[in-house]
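# Structural overview for review
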Amino acid sequence: MNAASDTLDPRAVESLLAFWADAGADAVLLETPIDRIAEGRRAPPKPTPTIRAAVTPQAPVPARTAPDTTAAVADAKRLAAEAPDLAALEAAIAAFDGCALKFEGAKRAVFSRGDPAAPVMIIGEGPGAEEDAQGAPFVGRAGQLLDRMLKAAGLEGRVFITNTVFWRPPGNRTPTLGEQLACQPFLERAIELVQPRLLLLAGGASAKSILKREEGILSLRGRWFDWTSDDGARQIPAMPTLHPAFLLRQPGAKKRAWADLLTLTERLDRPDRPD
Ligand code: URA
(Lines give C-alpha, C1' and ligand atoms only; values in the text may rest on other atoms or scores of the structure.)
Protein backbone atom coordinates (compact mmCIF):
# COMPACT_ATOMS: atom_id res chain seq x y z
CA MET A 1 0.00 0.00 0.00
CA ASN A 2 1.26 3.49 -0.71
CA ALA A 3 0.72 6.60 1.41
CA ALA A 4 -2.34 7.71 -0.60
CA SER A 5 -4.20 4.42 -0.23
CA ASP A 6 -3.34 4.36 3.47
CA THR A 7 -5.32 7.55 3.93
CA LEU A 8 -8.37 6.57 1.82
CA ASP A 9 -11.62 6.81 3.72
CA PRO A 10 -13.33 3.39 3.29
CA ARG A 11 -16.75 5.10 3.20
CA ALA A 12 -15.59 7.31 0.32
CA VAL A 13 -14.33 4.24 -1.55
CA GLU A 14 -17.61 2.41 -0.89
CA SER A 15 -19.61 5.41 -2.09
CA LEU A 16 -17.50 5.70 -5.27
CA LEU A 17 -17.96 1.99 -6.01
CA ALA A 18 -21.71 2.32 -5.42
CA PHE A 19 -21.74 5.26 -7.81
CA TRP A 20 -20.08 3.24 -10.59
CA ALA A 21 -22.22 0.18 -9.90
CA ASP A 22 -25.31 2.40 -10.10
CA ALA A 23 -24.07 3.58 -13.48
CA GLY A 24 -23.81 -0.03 -14.67
CA ALA A 25 -19.99 -0.35 -14.46
CA ASP A 26 -19.73 -3.81 -12.92
CA ALA A 27 -16.38 -4.97 -14.32
CA VAL A 28 -12.84 -3.75 -13.60
CA LEU A 29 -10.41 -3.56 -16.54
CA LEU A 30 -6.62 -3.09 -16.40
CA GLU A 31 -4.81 -0.40 -18.42
CA THR A 32 -2.73 -3.01 -20.30
CA PRO A 33 -4.19 -6.23 -21.78
CA ILE A 34 -3.09 -9.63 -20.44
CA ASP A 35 -2.72 -12.49 -22.92
CA ARG A 36 -4.48 -15.24 -20.93
CA ILE A 37 -4.06 -17.74 -23.80
CA ALA A 38 -0.25 -17.37 -23.71
CA GLU A 39 -0.39 -17.62 -19.94
CA GLY A 40 -2.24 -20.90 -20.23
CA ARG A 41 0.51 -22.37 -22.45
CA ARG A 42 3.22 -21.68 -19.87
CA ALA A 43 4.09 -24.44 -17.39
CA PRO A 44 2.06 -24.03 -14.22
CA PRO A 45 4.11 -22.53 -11.38
CA LYS A 46 5.57 -24.99 -8.90
CA PRO A 47 3.46 -25.13 -5.80
CA THR A 48 4.99 -23.15 -2.96
CA PRO A 49 5.92 -25.48 -0.12
CA THR A 50 3.65 -24.89 2.82
CA ILE A 51 5.00 -24.52 6.33
CA ARG A 52 2.54 -26.83 8.00
CA ALA A 53 3.38 -25.94 11.55
CA ALA A 54 2.61 -22.26 10.94
CA VAL A 55 -0.79 -22.83 9.33
CA THR A 56 -3.78 -22.73 11.63
CA PRO A 57 -6.48 -25.11 10.39
CA GLN A 58 -9.35 -23.07 8.98
CA ALA A 59 -13.01 -23.98 8.99
CA PRO A 60 -14.22 -24.56 5.39
CA VAL A 61 -15.64 -21.38 3.89
CA PRO A 62 -19.34 -21.95 3.10
CA ALA A 63 -20.38 -21.28 -0.50
CA ARG A 64 -22.09 -17.89 -1.04
CA THR A 65 -25.78 -18.57 -1.42
CA ALA A 66 -28.85 -16.38 -1.05
CA PRO A 67 -29.61 -16.06 2.67
CA ASP A 68 -32.42 -18.22 3.99
CA THR A 69 -35.12 -15.68 4.63
CA THR A 70 -37.98 -18.20 4.51
CA ALA A 71 -39.11 -17.74 8.12
CA ALA A 72 -38.76 -13.94 8.03
CA VAL A 73 -40.68 -13.70 4.74
CA ALA A 74 -43.46 -15.95 6.04
CA ASP A 75 -43.70 -13.81 9.16
CA ALA A 76 -43.73 -10.60 7.11
CA LYS A 77 -46.44 -11.98 4.80
CA ARG A 78 -48.66 -12.85 7.73
CA LEU A 79 -48.18 -9.49 9.45
CA ALA A 80 -48.65 -7.54 6.23
CA ALA A 81 -51.84 -9.41 5.32
CA GLU A 82 -53.28 -8.66 8.74
CA ALA A 83 -52.81 -4.89 8.32
CA PRO A 84 -56.15 -3.38 7.27
CA ASP A 85 -54.72 0.07 6.46
CA LEU A 86 -51.48 2.00 6.08
CA ALA A 87 -51.31 3.03 9.75
CA ALA A 88 -51.59 -0.62 10.82
CA LEU A 89 -49.01 -1.58 8.19
CA GLU A 90 -46.58 1.03 9.52
CA ALA A 91 -47.04 -0.33 13.05
CA ALA A 92 -46.53 -3.91 11.80
CA ILE A 93 -43.29 -2.91 10.09
CA ALA A 94 -42.01 -1.18 13.23
CA ALA A 95 -42.71 -4.33 15.28
CA PHE A 96 -41.17 -6.72 12.72
CA ASP A 97 -37.84 -8.27 13.72
CA GLY A 98 -37.14 -10.28 10.56
CA CYS A 99 -34.98 -7.74 8.68
CA ALA A 100 -31.36 -7.72 9.90
CA LEU A 101 -31.07 -3.99 9.17
CA LYS A 102 -33.22 -3.24 12.20
CA PHE A 103 -30.34 -4.39 14.40
CA GLU A 104 -27.48 -2.71 12.54
CA GLY A 105 -27.67 0.79 13.95
CA ALA A 106 -30.90 2.19 12.50
CA LYS A 107 -32.74 4.52 14.90
CA ARG A 108 -36.23 3.61 13.71
CA ALA A 109 -38.31 2.11 10.91
CA VAL A 110 -38.95 4.53 8.04
CA PHE A 111 -42.08 3.70 6.06
CA SER A 112 -43.66 6.34 3.85
CA ARG A 113 -44.80 9.84 3.13
CA GLY A 114 -47.30 11.29 0.68
CA ASP A 115 -50.89 10.79 -0.41
CA PRO A 116 -52.29 7.40 0.76
CA ALA A 117 -54.46 7.31 -2.38
CA ALA A 118 -51.80 8.61 -4.78
CA PRO A 119 -51.89 7.55 -8.43
CA VAL A 120 -48.08 7.22 -8.43
CA MET A 121 -45.96 5.25 -5.97
CA ILE A 122 -42.25 6.06 -5.85
CA ILE A 123 -40.04 3.28 -4.49
CA GLY A 124 -36.48 4.18 -3.52
CA GLU A 125 -33.67 2.03 -2.24
CA GLY A 126 -33.62 2.54 1.52
CA PRO A 127 -33.53 5.31 4.12
CA GLY A 128 -30.38 7.40 4.54
CA ALA A 129 -29.11 9.30 7.57
CA GLU A 130 -31.62 12.15 7.33
CA GLU A 131 -34.53 9.76 6.80
CA ASP A 132 -33.37 7.71 9.81
CA ALA A 133 -33.29 10.89 11.90
CA GLN A 134 -36.67 12.23 10.73
CA GLY A 135 -38.59 8.96 10.22
CA ALA A 136 -39.77 9.71 6.67
CA PRO A 137 -38.36 8.67 3.27
CA PHE A 138 -36.58 11.04 0.90
CA VAL A 139 -36.26 14.04 3.21
CA GLY A 140 -32.50 14.61 2.78
CA ARG A 141 -30.76 16.37 -0.12
CA ALA A 142 -31.77 13.67 -2.61
CA GLY A 143 -35.37 13.91 -1.43
CA GLN A 144 -35.38 17.68 -1.79
CA LEU A 145 -34.18 17.33 -5.37
CA LEU A 146 -36.88 14.70 -5.96
CA ASP A 147 -39.54 17.06 -4.59
CA ARG A 148 -38.37 19.90 -6.87
CA MET A 149 -38.53 17.61 -9.88
CA LEU A 150 -41.97 16.28 -8.92
CA LYS A 151 -43.27 19.82 -8.53
CA ALA A 152 -41.88 20.89 -11.89
CA ALA A 153 -43.45 17.83 -13.55
CA GLY A 154 -46.87 18.54 -12.03
CA LEU A 155 -46.68 15.58 -9.65
CA GLU A 156 -46.55 17.46 -6.35
CA GLY A 157 -49.06 15.95 -3.92
CA ARG A 158 -49.79 13.08 -6.31
CA VAL A 159 -47.25 10.57 -5.05
CA PHE A 160 -46.82 8.07 -2.25
CA ILE A 161 -43.13 7.53 -1.42
CA THR A 162 -41.53 4.49 0.18
CA ASN A 163 -38.45 2.24 -0.13
CA THR A 164 -37.44 -1.38 -0.74
CA VAL A 165 -36.22 -1.62 2.89
CA PHE A 166 -37.49 0.24 5.95
CA TRP A 167 -34.32 0.60 8.03
CA ARG A 168 -31.20 2.55 7.16
CA PRO A 169 -28.43 0.27 5.83
CA PRO A 170 -25.22 1.06 7.78
CA GLY A 171 -23.02 3.58 5.96
CA ASN A 172 -25.77 3.91 3.32
CA ARG A 173 -24.66 0.70 1.64
CA THR A 174 -26.97 -0.95 -0.87
CA PRO A 175 -29.48 -3.25 0.86
CA THR A 176 -28.83 -6.95 0.36
CA LEU A 177 -31.23 -9.27 -1.45
CA GLY A 178 -32.12 -10.93 1.87
CA GLU A 179 -32.97 -7.57 3.45
CA GLN A 180 -35.13 -6.61 0.48
CA LEU A 181 -36.88 -9.99 0.47
CA ALA A 182 -37.73 -9.71 4.16
CA CYS A 183 -39.33 -6.29 3.59
CA GLN A 184 -41.05 -7.15 0.31
CA PRO A 185 -44.39 -8.42 1.73
CA PHE A 186 -44.89 -5.05 3.46
CA LEU A 187 -44.11 -3.20 0.26
CA GLU A 188 -46.57 -5.42 -1.64
CA ARG A 189 -49.24 -4.75 0.97
CA ALA A 190 -48.58 -1.00 0.65
CA ILE A 191 -49.11 -1.26 -3.11
CA GLU A 192 -52.32 -3.21 -2.49
CA LEU A 193 -53.62 -0.56 -0.06
CA VAL A 194 -52.61 2.54 -2.04
CA GLN A 195 -53.54 1.05 -5.43
CA PRO A 196 -51.33 3.36 -7.49
CA ARG A 197 -51.80 3.42 -11.24
CA LEU A 198 -48.07 3.71 -11.91
CA LEU A 199 -44.81 2.87 -10.10
CA LEU A 200 -41.63 4.94 -10.37
CA LEU A 201 -38.56 2.97 -9.27
CA ALA A 202 -35.73 5.25 -8.14
CA GLY A 203 -32.30 3.76 -8.77
CA GLY A 204 -30.85 0.39 -9.69
CA ALA A 205 -31.30 -1.28 -6.29
CA SER A 206 -35.02 -0.55 -6.41
CA ALA A 207 -35.56 -1.40 -10.09
CA LYS A 208 -33.65 -4.68 -9.92
CA SER A 209 -35.40 -5.88 -6.80
CA ILE A 210 -38.93 -4.83 -7.77
CA LEU A 211 -38.71 -6.02 -11.37
CA LYS A 212 -36.40 -8.98 -10.65
CA ARG A 213 -34.02 -7.97 -13.43
CA GLU A 214 -30.25 -7.95 -13.63
CA GLU A 215 -29.50 -5.07 -16.03
CA GLY A 216 -27.97 -1.82 -14.78
CA ILE A 217 -30.14 1.22 -14.23
CA LEU A 218 -28.75 2.99 -17.30
CA SER A 219 -30.26 0.30 -19.49
CA LEU A 220 -33.52 -0.08 -17.50
CA ARG A 221 -34.37 3.60 -17.04
CA GLY A 222 -37.03 5.30 -19.11
CA ARG A 223 -38.65 2.01 -20.19
CA TRP A 224 -41.99 0.58 -19.10
CA PHE A 225 -42.13 -2.81 -17.38
CA ASP A 226 -44.97 -4.61 -15.65
CA TRP A 227 -44.58 -5.09 -11.93
CA THR A 228 -46.39 -8.32 -10.95
CA SER A 229 -47.42 -9.09 -7.37
CA ASP A 230 -45.94 -12.14 -5.68
CA ASP A 231 -49.18 -14.13 -6.17
CA GLY A 232 -49.41 -13.01 -9.81
CA ALA A 233 -52.84 -11.44 -9.22
CA ARG A 234 -51.93 -7.78 -9.83
CA GLN A 235 -49.89 -5.95 -12.46
CA ILE A 236 -48.94 -2.29 -12.53
CA PRO A 237 -46.85 -0.44 -15.14
CA ALA A 238 -43.49 0.48 -13.60
CA MET A 239 -40.74 2.77 -14.85
CA PRO A 240 -37.18 2.70 -13.47
CA THR A 241 -35.39 6.04 -13.34
CA LEU A 242 -32.09 7.41 -12.07
CA HIS A 243 -31.84 7.85 -8.31
CA PRO A 244 -31.86 11.51 -7.19
CA ALA A 245 -28.67 10.87 -5.15
CA PHE A 246 -27.02 9.81 -8.41
CA LEU A 247 -28.25 13.05 -10.00
CA LEU A 248 -26.64 15.07 -7.20
CA ARG A 249 -23.30 13.43 -8.05
CA GLN A 250 -23.87 13.55 -11.82
CA PRO A 251 -25.92 16.68 -12.62
CA GLY A 252 -25.40 16.00 -16.33
CA ALA A 253 -27.72 12.98 -15.98
CA LYS A 254 -30.66 15.13 -14.79
CA LYS A 255 -32.04 15.56 -18.29
CA ARG A 256 -32.53 11.79 -18.58
CA ALA A 257 -34.38 11.59 -15.24
CA TRP A 258 -36.45 14.58 -16.29
CA ALA A 259 -37.39 12.86 -19.55
CA ASP A 260 -38.45 9.77 -17.52
CA LEU A 261 -40.63 11.89 -15.26
CA LEU A 262 -42.31 13.56 -18.22
CA THR A 263 -42.97 10.16 -19.84
CA LEU A 264 -44.58 9.00 -16.61
CA THR A 265 -46.69 12.16 -16.24
CA GLU A 266 -47.83 11.85 -19.85
CA ARG A 267 -49.04 8.29 -19.24
CA LEU A 268 -50.74 9.34 -16.02
CA ASP A 269 -52.56 12.32 -17.47
CA ARG A 270 -53.26 10.95 -20.94
CA PRO A 271 -53.70 7.23 -20.35
CA ASP A 272 -55.30 6.70 -23.76
CA ARG A 273 -52.28 7.87 -25.71
CA PRO A 274 -50.03 5.06 -26.95
CA ASP A 275 -46.57 4.99 -25.27
N1 URA B 1 -32.50 7.30 -0.82
C2 URA B 1 -33.47 6.37 -0.93
O3 URA B 1 -33.39 5.48 -1.77
N4 URA B 1 -34.52 6.47 -0.12
C5 URA B 1 -34.64 7.41 0.78
O6 URA B 1 -35.63 7.41 1.49
C7 URA B 1 -33.62 8.38 0.89
C8 URA B 1 -32.56 8.31 0.07
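Before any of the text, the structure's been laid out above.
Here is what the cut-offs are and how they apply
- Residues numbered from 1 in each chain as written.
- Predicted model: local features only at pLDDT ≥ 70, side-chain atom pairs only at ≥ 80, totals over all residues.
- Heavy atoms only, no water.
- Buried < 20%, exposed > 50% of the residue type's maximum accessible area, 1.4 Å probe, protein only.
- Helix = DSSP H or I, 4+ residues; strand = E, 2+ residues; numbered from the N terminus.
- Pairing = 2+ DSSP bridges.
- Arc of directions from axis to C-beta.
- Expected span 1.5 Å × (residues − 1).
- Phe/Tyr/Trp six-rings, centres within 6.5 Å; stacked < 30°, edge-to-face > 60°.
- Lys NZ or Arg CZ within 6 Å of the ring centre and 35° of its normal.

Extensive coverage of strand β6 (residues 235-241) is indicated by the burial of six of its seven residues. Relative to β6, strand β4 (residues 198-202) runs parallel, the two sharing four bridges. In the sheet register, L199 faces β6, and the bridge partner there is A238. Pairing geometry for strand β5 (residues 225-228) and β6, over four bridges, is antiparallel. Within β6, the position partnered with T228 by the bridge is Q235. Hairpin geometry of β5 and β6 is characterised by an intervening segment of six residues between the two adjacent antiparallel strands and by a positive phi of about 75° at G232.

Of all the residues in helix α5 (residues 86-95), the buried ones are L86, L89, A92 and I93. Each buried residue of α5 lies within a common arc of 115° when the element is viewed along its axis, so the set occupies one face. Set apart from the buried face of α5 by more than 90 degrees, the exposed residues are A87 and A95.

So, about helix α7 (residues 141-152). When the terminal C-alpha atoms of α7 are compared, their 17 Å separation across twelve residues agrees well with the 16 Å that a helix rising 1.5 Å per residue should span. Among the residues of α7, those classed as buried are A142, G143, L145, L146, M149 and L150. The arc enclosing the buried residues of α7, seen along the axis, measures out at 160°, which places them on a common side. In α7, the exposed positions that point more than 90 degrees away from the buried face belong to R141, R148, K151 and A152.

A word on the packing of aromatic side chains. In this structure the tally under the stated criterion is three aromatic pairs. Between the aromatic rings of F111 and F166, the centroid separation amounts to 5.8 Å while the plane-to-plane angle is 70°, which identifies the pairing as edge-to-face. With a gap of 55 residues between them, F111 in the loop between α5 and β1 (113-114) and F166 in the loop between β3 (159-163) and α8 (177-194) connect regions that are remote in the sequence. Here the two residues F111 and F166 agree in accessibility, since each one is buried. Site record: aromatic cluster; members linked through ring pairs are F111, F160 and F166. When the ring centre of W224 is taken as origin, the NZ or CZ atom of R267, which lies over that ring, is 4.6 Å away.

Our focus in this paragraph is unusual backbone geometry. The backbone phi angle of F138 is positive, close to 50°, even though this residue is not glycine. Its place among the elements puts F138 in the loop between α6 (129-134) and α7. For N172, which is not glycine, the phi torsion reads 60° and is therefore positive. Locating N172 in the fold gives a position in the loop between β3 and α8. Overall, the relative accessible area of 44% leaves N172 in the partly exposed class.

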